[in-house]
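One-letter residues, chain by chain:
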Amino acid sequence: MSRTVAVVVLVIAVLAAAAGGYWFGTRGAGQSERAPATAGARGAGPAAPAGMPVTVEATKVVESPMPQTITAVGSLRSDESVTLRPESAGRISAITFKEGAHVAKGTPLVRLDPAIPEAEVAQARANLTLAKAKFDRAVDLANRNYISGQARDEAENNFKVAQAAVQLAEAKLAKTQIVAPFSGIIGLRSVSVGDYVKEGADLVNLEAIDPLKVDFRVPETYLRQVQPGQSMQITLDALPGKTYAGKIMALNPLVDAAGRSIVIRAQVANQDTTLRPGMFARVRLITSDDAKALVVPEQALVPQGTEQYVFKIVEGKSQRVQVEVGQRRDALVEIRKGLAAGDLVVTAGQLKLRDGVPVQVVAAPAPGGAPAAPARGPTGDVQGSSEMSPIAPALAAPKTAASGRLPRS
């Protein structure tokens, strides 16, 4: 009997030991799995607040004069330009100009050998003298009825022919001397004394360069905006930093069918002869000089497809607004629709924004990399001058466990 009791007690002890080992093992594994997670949570620091503001740069929409302009490229042309050529063949006997010099209208420039034309003039004048004597004698005889009227008419005709021959010979003689047809600057000659030139051969060019003409093209869509007398300005790559004023002279009535453009000719003063024909010119045509427009920096625009948007700050939060833009100039863009003067728009940091996101505004970094000073928070008043005051650091100091958050490790 005592042996049976002992066996039962031993079996119960073995079962109790097995149950205790299983229970303690399961509890230890659960605690070891939770311990790393807790440790990781303690080491990661506090999570960022869901409503933390986004730091951006912003500026106000301002109203500024922005003349309505059309830009184009063109070329400078002489007011008058000619290449001098002889009308008759001959040998050059004299060149009476200095290359690159200013010459007045009517100044002799080149003279051909006049020997043959002078001889022809002398011969024609001798024939004229004889024809006049015959005509006078015929008139006297006709008055006495010694000759017929026909003989008198023939003498008169021979006299007129002789007069015409003298005029022709004198004209040929005059053509041996080439003069300046207008005042201007003489170019570089391509001939020398002694050269035999044929009629039409190039001798030298003459350019009138005060004032100068500017020829340029604009698309046909601007036809109604361009009128003779409008002001324009040109700049030249060859003379950086200088601007020259001019006025529209005329528009070509024919629209270029190839480029659907209008050829416009303007005039620019050139009293100091600094500008020269053939220079490349950048033209700025002013179609309206009294317009005022709302402008913002170009970096404020957020393009999406064919549309343009900006982020406006309203009560410390971003608001996405579609805008209609106009002309651009000097890193500024005209806003025709969507904004009003005084609106605050984001110029940097738009990639982090969407509608309703809280924002904090900072000024642009100072030259040399100086950090911006702190400014107001997103719930503060951001009105005032267009220069935004800097904001406070975005990250505040970590809270203690008493505030319901774990401190940073």
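Residues numbered from 1 in each chain as written. Predicted model: local features only at pLDDT ≥ 70, side-chain atom pairs only at ≥ 80, totals over all residues. Heavy atoms only, no water.

Moving on, we come to the nonpolar core. In terms of nonpolar packing, the biggest core is built from 25 residues, with L76, V214, F216, M232, I234 and L275 touching the most fellow members. Elements represented by at least two residues in this core include exactly strand 3 (68–84), strand 10 (204–219), strand 11 (231–236), strand 12 (239–251), strand 13 (261–268) and strand 14 (280–288). Non-local contacts of M232, meaning those with residues more than four positions away in its chain, are made with F216, Y244, A245, G246, K247, I248, A266, V268, V283, R284, L285 and I286. Among the nonpolar cores identified, the runner-up in size contains 18 residues, and L84, A180, F182 and L206 belong to it. (Core = buried A, V, L, I, M, F, W, Y, C linked by side-chain atoms within 4.5 Å. Buried < 20%, exposed > 50% of the residue type's maximum accessible area, 1.4 Å probe, protein only. Helix = DSSP H or I, 4+ residues; strand = E, 2+ residues; numbered from the N terminus. Contact = heavy atoms within 4.5 Å.)

Taken together, the 4 strands give an open sheet; going across it, the order is 7-6-4-9, and neighbouring strands pair in antiparallel fashion. Looking at the sheet topology across the chains shown, the edges are occupied by strand 7 (177–179) and strand 9 (196–197). With 2 bridges joining them, strand 4 (residues 90–95) and strand 9 adopt antiparallel strand pairing. Note on strand 9: the bridge partner recorded for R91 is Y196. (Pairing = 2+ DSSP bridges.)

Inspection of the secondary structure assignment puts E334 in strand 19 (residues 332–337). For E334, a relative accessible area of 8% translates into the label buried. Among residues more than four places away in sequence, those in contact with E334 are M66, Q68, A293, L294, V295, E324, V325, G326 and Q327.

Take the pattern of salt bridges next. Pairing between side chains of opposite charge can happen when their charged atoms approach one another. Tallied over the full model, the rule gives 16 salt bridges. Across the pair D256 and R217 runs a salt bridge whose closest N-O atoms are separated by 2.9 Å. One end of the pair, D256, is in the loop between strand 12 and strand 13; the other, R217, is in strand 10, with 39 residues separating them in the sequence. Look at R217 and you get partly exposed, because its relative accessible area is 44%. Of the charged contacts in the structure, one is a salt bridge between K337 and E324, with a shortest N-O distance of 3.8 Å. Within this pair, whereas K337 is found in strand 19, its partner E324 is found in strand 18 (residues 317–329), the two being separated by 13 residues in sequence. A residue is classified by how much of its surface remains accessible, and K337, at 54% relative accessible area, is exposed. (Salt bridge = Lys/Arg side-chain N within 4 Å of Asp/Glu carboxyl O.)

Let's shift gears to helix 2 (residues 115–143). In a regular helix each residue adds 1.5 Å, so 29 residues correspond to 42 Å; helix 2 covers 43 Å between its end C-alpha atoms and thus fits that length. For helix 2, the set of buried residues is P117, V121, A124, A131, F135, A138 and A142. Taken from the residues just after helix 2, N145 is the one with a positive phi, measuring 65°. (Expected span 1.5 Å × (residues − 1).)

Relative to the assigned elements, F311 resides in strand 17 (residues 307–314). For the pair formed by F311 and L353, sequence separation is 42 residues and the distance between their alpha carbons is 8.0 Å. If sequence neighbours within four positions are ignored, F311 has contacts with V302, S318, Q319, R320, L344, V345, V346, Q350, L353, R354 and D355.

By the criterion of burial, strand 17 is predominantly enclosed, with 6 of the 8 residues buried. Across 3 bridges, strand 16 (residues 302–304) lies against strand 17 in antiparallel orientation. Its bridge partner lying in strand 17, Q304 is registered against E307. Linkage of strand 16 to strand 17, two consecutive antiparallel strands, is achieved through a turn of 2 residues, within which G305 is found at a positive phi near 65°. Across 7 bridges, strand 17 lies against strand 18 in antiparallel orientation. Along strand 18, the bridge assignment pairs F311 with R320. In this antiparallel pair of consecutive strands, strand 17 and strand 18, the connection spans 2 residues, and E315 shows a positive phi of 55°.

Turning next to the environment of I234. Within the secondary structure, I234 sits in strand 11. As a C-alpha pair, I234 and T71 span 163 residues in sequence and 9.6 Å in three-dimensional space. In this view, I234 contacts L76, V214, K242, T243, Y244, V268, L275, A281, R282 and V283; residues no more than four positions away in its chain are not counted.

With that settled, the discussion passes to the pairing of strand 11. Of the two faces of strand 11, only one is covered, namely that formed by M232, I234 and L236; the face formed by S231, Q233 and T235 stays uncovered. Pairing between strand 11 and strand 12: 5 bridges, direction antiparallel. Residue pairing in the sheet places L236 in a bridge with L239 of strand 12. The antiparallel pairing of strand 11 with strand 12 creates a hairpin that spans 2 residues between the two strands. The pairing of strand 11 with strand 14 spans 5 bridges and is classified as antiparallel. Each bridged residue has a counterpart across the sheet, and for L236 the counterpart in strand 14 is A281.

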